[in-house]
Amino acid sequence: MSLTVIAQRMGITSFKRLVTGLFLSTLLVGCSSTPSGNVRVVDRNNATPQRPTVTTGQYVVRRGDTLFSIAFRYGWDYKALAARNNIPAPYTIHPGQTIRFDGRSGSTPTAVVTQSGSTPSSSSKTTVIRRPATAGTATVPSVANKPAPAPMPPAGPAPTGWGWPSNGVLIGKFSSNGSLNKGIDIAGDLGQPVFAASDGTVVYAGSGLRGYGELVIIKHSDTYVSAYGHNRRLLVREGQQVKVGQTIAEMGSTGTDRVKLHFEIRRQGKPVDPLQFLPRR
């Protein structure tokens, strides 16, 4: 049917309104479309959440744990956690050993962080042990006796010569919000190489940290460590020296629902934005 016939049947005024409406609809659709180009996509649905620093209770070491992995898991600087528990370098720990977060003596714990199951990757549970109250009196938390936090070692300079840990599209950015991403996520293909982002020593290689899958942690200095999660296969062992750009793992989807690398840099145990260290690309 021609526009002339439509105009005759609808009337001039109604026809003008119809044409104006169609023009505005087309304009709005064009404005709302996404321009083509190299656009970074942020995938927050699969961001790895990070719990705040644990400052109460204790943790019982299980097979496969290292002081570095425990410090990473509970938001501590490894040197501060070692100082709190009187663990000298090279920070060797043993299954069954108690790691305290609150500085109290082992006889009066307020909370005990343990793990159920036979492997470090099993889900964890927290058991609260309260002091028995004296008859006729109420148990009141003591604020004055709260232990002072362990002294934080002075920060050293950041390592130089950082490189990207893998090739691929950046799908998740760092967020300082505790419920969102504490690193970056890079998409790629299954088995794709994962590289050491800087020179250092492997201080953890395993799957004992829930939510990270097969994980590698590299110590670069007394201040900085980096972490590489969700790998398919690990190609390095604890204690091994690595160089920037060296292949340390194969990208995978362990601990997540898609193939990607989750990468973190931590300064004295606290996550920082990796994009501040990595070269522009």
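The model shown is predicted, which means the values in this text are computed figures rather than measured ones.

*Asks:* Mind showing me how you'd approach the overall build of the protein here?
*Replies:* Of regular secondary structure, the protein possesses four helices and 14 strands. By the burial criterion, 41% of the 281 residues in the protein qualify as buried. Counting contacts in the protein only where the partners sit at least 6 residues apart, residues at least 24 apart contribute 62% of the total. Just so you have it, the protein exposes about 15500 Å², and 55% of that area is on carbon and sulfur atoms.

*Asks:* Would you mind going over the environment of Gly-64 with me for this structure?
*Replies:* When you line up the elements, Gly-64 lands in the loop between strand E1 (58–60) and helix H3 (67–73). Using a relative accessible area of 43% as the deciding quantity, one classes Gly-64 as partly exposed. Placed 143 residues apart in sequence, Gly-64 and Ser-207 show a C-alpha to C-alpha distance of 8.8 Å.

*Asks:* Help me out: how do you make sense of unusual backbone geometry in this one?
*Replies:* For residues other than glycine, phi is negative in most cases, and the peptide bonds are mostly trans. In this structure, Pro-90 follows Ala-89 across a cis peptide bond, with omega equal to 10°. When you line up the elements, Pro-90 lands in the loop between helix H4 (78–84) and strand E2 (98–100). Non-glycine residue His-230 carries a positive phi angle of around 70°. For His-230, the location among the structural elements is in strand E10 (residues 224–234).

*Asks:* Can you help me understand the side chain of His-262 in this one?
*Replies:* Structurally, His-262 is set in strand E13 (residues 260–267). Looking at His-262, the relative accessible area reads 0%, which means it is buried. Among the polar contacts made by the side chain of His-262, one reaches the side chain of Asp-185 at a distance of 2.8 Å. A distance of 2.7 Å separates a polar atom in the side chain of His-262 from a polar atom in the side chain of Glu-264.

*Asks:* When you look at the pattern of salt bridges in this model, what are you seeing that I'm missing?
*Replies:* For side chains bearing opposite charge, pairing can occur when the charged atoms are close. What the rule picks out here adds up to nine salt bridges. Asp-222 serves as the salt-bridge partner of Lys-219, at 3.7 Å between the closest nitrogen and oxygen. Since its relative accessible area comes to 21%, Lys-219 is described here as partly exposed. Here Asp-222 falls in the partly exposed class, since its relative accessible area comes to 44%. Across the pair Glu-250 and Arg-233 runs a salt bridge, and its minimum N-O distance is 2.9 Å. One end of the pair, Glu-250, is in strand E12 (residues 247–251); the other, Arg-233, is in strand E10, and 17 residues separate them in sequence. On the basis of relative accessibility, which here comes to 45%, the residue Arg-233 falls in the partly exposed class. Taken together, the shared-partner salt bridges in this structure form one network comprising Lys-79, Lys-219 and Asp-222.

*Asks:* Explanation requested: the nonpolar core in the structure shown.
*Replies:* Generally speaking, soluble globular proteins have nonpolar side chains that are buried together. Ranked by internal contacts, the top residues of the largest apolar core, which has 27 residues, are Ile-70, Leu-81, Ile-99, Phe-101 and Ile-217. Broken down by secondary-structure element, the contributors of at least two residues to this core are H3, H4, strand E8 (200–206), strand E9 (214–219) and E10. Top contributing element to this core by residue count: H3, with five residues. Grouped together as the second largest cluster of nonpolar side chains are 24 residues, Ile-218, Phe-263, Phe-277 and Leu-278 included.

*Asks:* Just checking my understanding: could you explain the pairing of E13 for this structure?
*Replies:* Every other side chain in a regular strand lies on the same face of the sheet, so the side chains alternate between the two faces. Among the eight residues of E13, seven are classified as buried, and the element is accordingly described as predominantly covered. Pairing analysis gives four bridges linking strand E6 (residues 184–187) to E13, with the strands arranged antiparallel. Residue pairing in the sheet places Ala-187 in a bridge with Lys-260 of E13. Note: E10 against E13, six bridges, orientation antiparallel.

*Asks:* For this particular structure, what's the right way to read the packing of aromatic side chains?
*Replies:* Aromatic ring pairs are defined here through the distance separating the ring centres and the angle between the ring planes. A full pass over the atoms with the stated rule returns ten aromatic pairs. Here the aromatic rings of Tyr-224 and Phe-277 are separated by 5.7 Å at their centres, their planes lie at 70°, and the arrangement is edge-to-face. Linking Tyr-224 in strand E10 with Phe-277 in the segment after strand E14 (270–272), this pair joins segments that are 53 residues apart in sequence. When sorted by exposure, Tyr-224 lands in the same class as Phe-277, which is buried. Among the aromatic residues, those joined into a ring-pair cluster are Tyr-59, Tyr-74, Trp-76 and Phe-101.

*Asks:* Just checking my understanding: could you explain the side chain of Asp-273 for this structure?
*Replies:* You can see Asp-273 is positioned in the segment after E14. Here Asp-273 occupies a buried position and makes no salt bridge, while the nearest side chain of opposite charge, Lys-173, is found at 8.2 Å. A polar side-chain atom of Asp-273 sits 3.1 Å from the main-chain amide nitrogen of Leu-275.

*Asks:* How should I be thinking about the environment of Phe-263 in this particular structure?
*Replies:* Within the secondary structure layout, Phe-263 lies in strand E13. Assessed through its relative accessible area of 0%, Phe-263 is described here as buried. For Phe-263 and Gly-229, which are 34 residues apart along the polypeptide, the C-alpha to C-alpha distance reads 6.5 Å. Among all residues touching Phe-263, those that are not within four sequence positions of it are Pro-165, Gly-183, Ile-184, Ala-197, Ser-226, Ala-227, Tyr-228, Pro-274 and Leu-278.

About the thresholds
- Residues numbered from 1 in each chain as written.
- Predicted model: local features only at pLDDT ≥ 70, side-chain atom pairs only at ≥ 80, totals over all residues.
- Heavy atoms only, no water.
- Helix = DSSP H or I, 4+ residues; strand = E, 2+ residues; numbered from the N terminus.
- Buried < 20%, exposed > 50% of the residue type's maximum accessible area, 1.4 Å probe, protein only.
- Contact = heavy atoms within 4.5 Å.
- Areas by Shrake-Rupley, 256 points an atom, 1.4 Å probe, with all protein chains shown as cover.
- Polar contact = N/O pair within 3.5 Å; in protein donor to acceptor, adjacent residues only side chain to side chain.
- Salt bridge = Lys/Arg side-chain N within 4 Å of Asp/Glu carboxyl O.
- Core = buried A, V, L, I, M, F, W, Y, C linked by side-chain atoms within 4.5 Å.
- Pairing = 2+ DSSP bridges.
- Phe/Tyr/Trp six-rings, centres within 6.5 Å; stacked < 30°, edge-to-face > 60°.
- Lys, Arg positive; Asp, Glu negative; His and termini not counted.

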